[in-house]
Amino acid sequence: MEKLGKKIALACEICHGRNYNTEKNQLISDRIEIKKFCKHCNRHTIHRETK
(Lines give C-alpha, C1' and ligand atoms only; values in the text may rest on other atoms or scores of the structure.)
Protein backbone atom coordinates (compact mmCIF):
# COMPACT_ATOMS: atom_id res chain seq x y z
CA MET A 1 0.00 0.00 0.00
CA GLU A 2 1.35 3.41 -0.95
CA LYS A 3 1.73 6.14 1.62
CA LEU A 4 -0.69 8.96 0.71
CA GLY A 5 0.68 11.49 3.23
CA LYS A 6 3.10 14.28 2.33
CA LYS A 7 5.00 16.15 5.04
CA ILE A 8 4.36 19.91 5.04
CA ALA A 9 5.22 22.87 7.27
CA LEU A 10 2.63 25.40 8.46
CA ALA A 11 3.70 29.04 8.70
CA CYS A 12 2.01 31.87 10.62
CA GLU A 13 0.31 34.40 8.34
CA ILE A 14 1.48 37.35 10.50
CA CYS A 15 5.08 36.62 11.57
CA HIS A 16 5.80 33.88 8.95
CA GLY A 17 7.28 31.61 11.62
CA ARG A 18 7.14 27.91 10.76
CA ASN A 19 5.58 26.60 13.96
CA TYR A 20 3.93 23.31 12.97
CA ASN A 21 4.65 20.24 10.84
CA THR A 22 1.90 17.93 9.62
CA GLU A 23 0.96 15.53 6.85
CA LYS A 24 -1.49 16.11 4.03
CA ASN A 25 -3.17 13.83 1.53
CA GLN A 26 -1.31 14.10 -1.80
CA LEU A 27 -4.56 13.92 -3.74
CA ILE A 28 -5.54 17.39 -2.46
CA SER A 29 -3.93 20.14 -4.54
CA ASP A 30 -5.20 23.15 -2.51
CA ARG A 31 -3.07 24.69 0.23
CA ILE A 32 -4.12 24.00 3.81
CA GLU A 33 -5.19 26.87 6.10
CA ILE A 34 -5.66 26.11 9.80
CA LYS A 35 -6.20 28.46 12.74
CA LYS A 36 -3.56 27.57 15.35
CA PHE A 37 -1.72 29.20 18.25
CA CYS A 38 1.49 31.05 17.35
CA LYS A 39 3.98 31.19 20.22
CA HIS A 40 5.78 34.16 18.64
CA CYS A 41 2.62 36.31 18.18
CA ASN A 42 1.14 34.91 21.43
CA ARG A 43 -2.33 34.49 19.86
CA HIS A 44 -4.35 32.30 17.50
CA THR A 45 -3.64 33.08 13.85
CA ILE A 46 -4.14 31.49 10.44
CA HIS A 47 -1.32 29.09 9.56
CA ARG A 48 -0.85 28.25 5.88
CA GLU A 49 0.98 25.48 4.12
CA THR A 50 4.44 26.51 2.88
CA LYS A 51 6.19 25.30 -0.27
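Note that the structure is predicted; figures quoted are calculated from it, not measured.

1. So, the pattern of salt bridges
Within this structure, the stated rule accounts for three salt bridges. In this structure, K24 engages E49 in a salt bridge whose closest nitrogen and oxygen atoms are separated by 3.0 Å. Pair noted here: K24 is in strand β2 (residues 18–25) and E49 is in strand β4 (residues 43–49), with a separation of 25 residues, a long-range link. The class for E49 is buried, based on a relative accessible area of 9%. One salt bridge in this structure joins E33 and R48, with 2.9 Å as the shortest N-O distance.

2. Some points on the side chain of T50
Looking at the element boundaries, T50 is found in the segment after β4. Apart from residues lying up to four places away in sequence, T50 is in contact with A9, A11 and R18.

3. Description of the pairing of strand β3 (residues 33–38)
Pairing of β3 with β4, which is carried by six bridges, proceeds in the antiparallel orientation. Each residue of the ladder has a partner; that of K35, found in β4, is I46.

4. Some points on the pairing of β2
Bridge count between strand β1 (residues 5–12) and β2: seven bridges; the pairing is antiparallel. Residue pairing across strands places I8 opposite T22, the latter belonging to β2.

5. Observations concerning the side chain of T45
Relative to the assigned elements, T45 resides in strand β4. In this structure, T45 is in contact with C12, I14, I34, K35, K36 and C38, ignoring residues within four places of it in sequence.

6. So, the sheet that holds β1
Across the sheet, which stays open at both edges, the four strands sit in the order β2-β1-β4-β3 with antiparallel pairing between neighbours. Whereas interior strands pair on both sides, the edge strands pair on one side only; in this sheet they are β2 and β3. Strand-to-strand, the axes of this sheet are offset by a mean angle of 40 degrees, without reference to chain direction.

Each value, and the rule that gives it
Residues numbered from 1 in each chain as written. Predicted model: local features only at pLDDT ≥ 70, side-chain atom pairs only at ≥ 80, totals over all residues. Heavy atoms only, no water. Salt bridge = Lys/Arg side-chain N within 4 Å of Asp/Glu carboxyl O. Helix = DSSP H or I, 4+ residues; strand = E, 2+ residues; numbered from the N terminus. Buried < 20%, exposed > 50% of the residue type's maximum accessible area, 1.4 Å probe, protein only. Contact = heavy atoms within 4.5 Å. Pairing = 2+ DSSP bridges. Axes fitted to C-alpha atoms, helices over the stretch in contact; angles between N-to-C directions.

Function cannot be inferred from these measures alone, as they are strictly geometric.
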